Amino acid sequence: MSTYLTILGFNSAIPTINSSPTAQLLEMEERHFLIDCGEGTQVQLRKAKARFSKINHIFISHLHGDHCFGLPGLIASFRLLGRENPLHVYGPKGIKKMLETIFQITETHRGFEVVYHELDKDYSEKIYEDSRVEVYTIPLDHRIYCNGYLFKEKPKDRHLNMKEIAKYSEIETCDYHNIKAGKDFVLSDGYVLSNDILTLEPAPSVSYAFCSDTRYLESVIPIIKNVTALYHESTFLHDLKEMADYTGHSTALEAATIAQKAQVGKLILGHFSNRYGDLTVFTDEARNIFPNSFLPKALESVKI
């Protein structure tokens, strides 16, 4: 099962005719994770032909409007669409008060449970786990409390080597699960068939790191080391580093430096200031440090 990332919005602060604030949809191991939810996210989800009913976990990096103002409307739409399953919302402490106040004042009645997971730690912690996926926070340095998120596939089962298995009539279909899980098979005469013979290497597990609004921060490097793909904000070019520091943001050069030091597979830039018309200047700057840097394309589904 492949992992795909659809970037729904990637500009900073103010929506424009051609771009939307931060929001991403990550499809990993048949789970659909929404990451940030800027204004207009549900429209972008419609354009991406995403199935709203598949989204059960939403991760909000921080409570600046361009990362969360789309959330109340999306949750209200879930109700109108007849949602019954619980919705898990992860975000900074205060996100429950923000949403519940809006719902109370607007008399938005829900037919499903919203489960809040409020975050306040200044260190990386595991906040989600199931049989296939783990999610960790990535503490960032912005003007207000902010986290990125690391999504990791767990190690996958080995593939059955059916050509080899066919040689042994004692191996039945009911044994396949244990063999895929890495166990040897013992024949009736006591001979042990090594799992290495009966299976092939599994597909490598992939990982995705989302680093939202942040100043240059080297403490994220050990957390995101060797991830398959990294999204890192790059609001400004490096000639405006002083402004980036003042506003709690990074430059394209700094994002590329993080990618290079963390030895990630590829870097996706984003959260661009509206002062830039031609966004290729960001990859021009980043590729001097990290050649495998890319611009996002709205609504394009990219294999991680």
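All values derive from a computational prediction rather than experimental measurement.

Cut-offs applied
Residues numbered from 1 in each chain as written. Predicted model: local features only at pLDDT ≥ 70, side-chain atom pairs only at ≥ 80, totals over all residues. Heavy atoms only, no water. 1 Å grid on protein atoms, 1.4 Å probe; cavity = no way out; pocket = protein on both sides within 12 Å on 5 of 7 lines; lining within 4 Å. Points joined across faces, edges and corners; volume = space filled by probe spheres on them. Nonpolar A, V, L, I, M, F, W, Y, C, P; charged D, E, K, R; others polar. Buried < 20%, exposed > 50% of the residue type's maximum accessible area, 1.4 Å probe, protein only. Helix = DSSP H or I, 4+ residues; strand = E, 2+ residues; numbered from the N terminus. Pairing = 2+ DSSP bridges. Right-handed = clockwise from strand over helix to strand, strands pointing away. Salt bridge = Lys/Arg side-chain N within 4 Å of Asp/Glu carboxyl O. Core = buried A, V, L, I, M, F, W, Y, C linked by side-chain atoms within 4.5 Å. Contact = heavy atoms within 4.5 Å. Disulfide = S-S within 2.5 Å.

**Overview of the layout of surface pockets**
Here's step 1: Its volume calculated, the largest pocket comes out at about 270 Å³.
Here's step 2: If you go around the largest pocket, the residues you meet are Met1, Glu29, Ser131, Arg132, Glu153, Lys154, Pro155, Lys156, Asp157, His159, Lys180 and Ala203.
Here's step 3: Its residues assigned to classes, the lining of the largest pocket shows 3 nonpolar, 2 polar and 7 charged.
Here's step 4: What the second largest pocket holds in volume is close to 220 Å³.
Here's step 5: Tallied by class, residues from the lining of the second largest pocket come to 3 nonpolar, 10 polar and 4 charged.

**Focus: the pairing of strand 3 (residues 31–37)**
Here's step 1: Most of strand 3 is tucked away, with 7 of its 7 residues classed as buried.
Here's step 2: Linking strand 2 (residues 23–28) back to strand 3 in an antiparallel pair, the connection comprises 2 residues, with Glu29 at a positive phi of about 50 degrees.
Here's step 3: Pairing of strand 3 with strand 4 (residues 55–59) involves 4 bridges; the strand directions are parallel. Residue Phe33 lies in a different strand from strand 4, and its bridge partner there is His57.
Here's step 4: Read as a crossover between parallel neighbours, the route from strand 3 over helix 1 (residues 41–47) to strand 4 is right-handed.

**Focus on the pattern of salt bridges**
Here's step 1: In this structure the tally under the stated criterion is 16 salt bridges.
Here's step 2: A salt bridge links Lys121 to Asp120, with the shortest nitrogen-to-oxygen separation between them at 3.4 Å.
Here's step 3: Given the relative accessible area of 31%, Lys121 is considered partly exposed.
Here's step 4: The partner of Lys156 in a salt bridge is Glu153, and the shortest N-O contact between them spans 3.2 Å.
Here's step 5: The class of Lys156 is partly exposed, set by a relative accessible area of 25%.
Here's step 6: Three or more residues joined by partner-sharing salt bridges are found here, namely Glu29, Glu30, Arg132, Glu153 and Lys156.

**Things to note about the nonpolar core**
Here's step 1: Counting 52 residues, the largest nonpolar core has Phe151, Tyr208, Ile224 and Leu230 as the members making the most contacts within it.
Here's step 2: A total of 6 residues in this core trace back to one element, the largest contributor, which is helix 10 (residues 252–262).
Here's step 3: Excluding its chain neighbours within four sequence positions, the residues that come into contact with Phe151 are Leu26, Met28, Phe33, Ile35, Phe59, Glu134, Val135, Val206, Ser207 and Tyr208.

**With respect to the side chain of His64**
Here's step 1: Its place among the elements puts His64 in the loop between strand 4 and helix 2 (65–68).
Here's step 2: According to the relative accessible area criterion, His64 is buried, its value standing at 18%.

**Considerations on the pairing of strand 7 (residues 126–129)**
Here's step 1: Relative to strand 8 (residues 133–139), strand 7 runs antiparallel, the two being bridged by 3 bridges. When the sheet's bridge partners are listed, Glu129 is paired in strand 8 with Glu134.
Here's step 2: The hairpin turn running from strand 7 into strand 8, its antiparallel successor, is 3 residues long.

**Remarks on the environment of Glu113**
Here's step 1: Tracing the backbone shows Glu113 in the loop between helix 4 (95–105) and strand 6 (114–119).
Here's step 2: For the pair formed by Glu113 and Phe272, sequence separation is 159 residues and the distance between their alpha carbons is 35 Å.
Here's step 3: The residues contacting Glu113, other than those within four sequence positions of it, are Asn85, Pro86 and Leu87.

**Details of helix 10**
Here's step 1: In terms of residue burial, helix 10 counts as a mostly covered element, since 8 of its 11 residues are buried.
Here's step 2: Within helix 10, the full set of buried residues consists of Ala252, Glu254, Ala255, Ala256, Thr257, Ile258, Ala259 and Ala262.
Here's step 3: Lining the buried residues of helix 10 we find helix 8 (221–224), strand 15 (229–233), helix 9 (241–247), strand 16 (266–270) and helix 11 (280–286).
Here's step 4: Remark: Gln263 follows helix 10 within two positions and exhibits a positive phi of approximately 55 degrees.

**A short note on the state of the cysteines**
Here's step 1: Enumeration over the complete set of coordinates arrives at 0 disulfides.
Here's step 2: Considering cysteine sulfurs only, Cys68 is the nearest to Cys37, which forms no disulfide, with 8.5 Å between them.
Here's step 3: By relative accessible area, which is 0% here, Cys37 ends up buried.
Here's step 4: Here Cys211 is not cross-linked by a disulfide; its sulfur's nearest cysteine counterpart is in Cys146, at 9.2 Å.
Here's step 5: Given the relative accessible area of 0%, Cys211 is considered buried.

**A closer look at unusual backbone geometry**
Here's step 1: The phi dihedral of Glu29 falls on the positive side, at around 50 degrees, and the residue is not glycine.
Here's step 2: Considering the arrangement of structural elements, one finds Glu29 in the loop between strand 2 and strand 3.
Here's step 3: Here Glu29 falls in the buried class, since its relative accessible area comes to 8%.
Here's step 4: At Glu30, a residue that is not glycine, the phi angle is positive and equals roughly 70 degrees.
Here's step 5: The topology assignment puts Glu30 in the loop between strand 2 and strand 3.
Here's step 6: What makes Glu30 exposed here is its relative accessible area of 51%.

By themselves, these figures tell us nothing about what the structure is for.
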